[in-house]
Amino acid sequence: MGGITGPDLVAAVSNAGGLGILPVWGLDIATLTQHMRETRALSARPFGVNLNLAFPQEDRLRACLEEGPAVVSFFWALSEPMIALARDAGAVVMQTVSTAAEAKAAAAAGTDIVVAQGWEAGGHVRGSVATMALVPAVVDAVDIPVFAAGGIVDARGVAAVLALGASAAWIGTRFLLCAEATIHPLYRQALLTASEADTVHTTLFDIGWPDAPHRVLHGESYVSWEAAGRPPAGKRPREGEIVATSASRGPIERYRATTPIADVVGNVAALPMWAGQGVGAIRDIHPAAEIVRDIAAGLAVIRDSTAVKS
Ligand SMILES: Cc1cc2nc3c(=O)[nH]c(=O)nc-3n(C[C@H](O)[C@H](O)[C@H](O)COP(=O)(O)O)c2cc1C
């Protein structure tokens, strides 16, 4: 989760037995290398890097591979040459997909693992199939491991996707509410009080990344746009207005796809507060390692309670 997931969070997840994923697709090469080295210094366990192929990433991929990541995760588009580059450098390649057809194409292109992202997911969401229907369809379509993403926030969700045939769960929104996530306190508070019905799947926050559906909290900008009759870009309420500023990102106009991270000052509620539908089940903040351990402990309980006793 770009801007939110730094080396400490990634290392904490990997150290606790998960697989931390470092988003590097918006970083300059020097910062990317620094983040990978910091993660490596904090954890001897495997971690991954994530690249969003909606934007050119070849230079970043090459820089990542210099650092020898265990895993390279690609999002949004499929690139056979990028997959080959990562695999030739010894990385395990994951590709996020949103249909069984995309999963087949990813497997044919050489991906080692597909991440099936259901539309419950927070952040940018390509597809419109829910996790419950998507995971078995993808599991049946490919003979490589399938990780399930979208709406999973606790052990019950992980158990459910394992029952659907997934090999692992890939979790975002739950970690927005971990101690290490660098999100704005108002964004955090909004997540803590949101219900499962408080998100929308939209293309509204399109400045900087157009034509890319996403799931966010039903916040101020969405409400006023809806009240105005959902006008197209160019005719939306208060378009061009600077709603906030950020020390790291400068002025932020309404409808820009900028995450309300900790250094944002201004109308945080007008920015895209990315969240998946699972948000309604998260009512507390814990260190990332505790979240991973709680999920593992909860899974053991579910396994024991459902095991056939001989
Ligand atoms: C705030 C936020 C930022 C995200 N950023 C990325 C990203 O940079 N790259 C990516 O592959 N997926 C990104 N995602 C999507 C996640 O990888 C994942 O598919 C999703 O969070 C799973 O659904 P969940 O949020 O219900 O757990 C992001 C999700 C959120 C909530």
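Residues numbered from 1 in each chain as written. Predicted model: local features only at pLDDT ≥ 70, side-chain atom pairs only at ≥ 80, totals over all residues. Heavy atoms only, no water.

K.L.:
What is the right way to look at empty space enclosed by the protein in this model?
P.N.:
Using a probe with the size of a water molecule, rolled over the atoms, empty space left in the structure can be pinpointed. Counted under the stated rule, the structure contains one cavity of 30 Å³ or more. Quantified by volume, the largest cavity comes out at close to 40 Å³. Surrounding the largest cavity, Phe 205, Val 216, Leu 217, Gly 219, Glu 220, Ser 221, Tyr 222, Ala 269, Leu 271, Pro 272 and Met 273 form its lining. Element by element, the count of residues in the lining of the largest cavity is highest for helix H10 (residues 220–227), at three residues. (1 Å grid on protein atoms, 1.4 Å probe; cavity = no way out; pocket = protein on both sides within 12 Å on 5 of 7 lines; lining within 4 Å. Points joined across faces, edges and corners; volume = space filled by probe spheres on them. Helix = DSSP H or I, 4+ residues; strand = E, 2+ residues; numbered from the N terminus.)

K.L.:
Looking at this model, I keep getting lost on the pattern of salt bridges. Mind explaining?
P.N.:
As a working rule, side chains carrying opposite charge can pair if their charged atoms are close by. Under the criterion given, the structure shown has 12 salt bridges. Arg 87 is the salt-bridge partner of Asp 112, the closest N and O atoms lying 3.2 Å from each other. Within this pair, whereas Asp 112 is found in the loop between helix H5 (100–108) and strand S5 (113–117), its partner Arg 87 is found in helix H4 (residues 80–88), the two being separated by 25 residues in sequence. The exposure class assigned to Asp 112 is partly exposed, which follows from its relative accessible area of 23%. By relative accessible area, Arg 87 is classed as partly exposed at 41%. The partner of Arg 126 in a salt bridge is Glu 102, with the nearest N and O atoms 3.5 Å apart. Residue Arg 126 is located in the loop between strand S6 (123–124) and helix H6 (131–141), and its partner Glu 102 is located in helix H5; the two are separated by 24 residues in the primary sequence. The class for Glu 102 is partly exposed, based on a relative accessible area of 25%. What you see here is one network of salt bridges that share partners, running through Asp 206, Arg 236 and Glu 239. (Salt bridge = Lys/Arg side-chain N within 4 Å of Asp/Glu carboxyl O. Buried < 20%, exposed > 50% of the residue type's maximum accessible area, 1.4 Å probe, protein only.)

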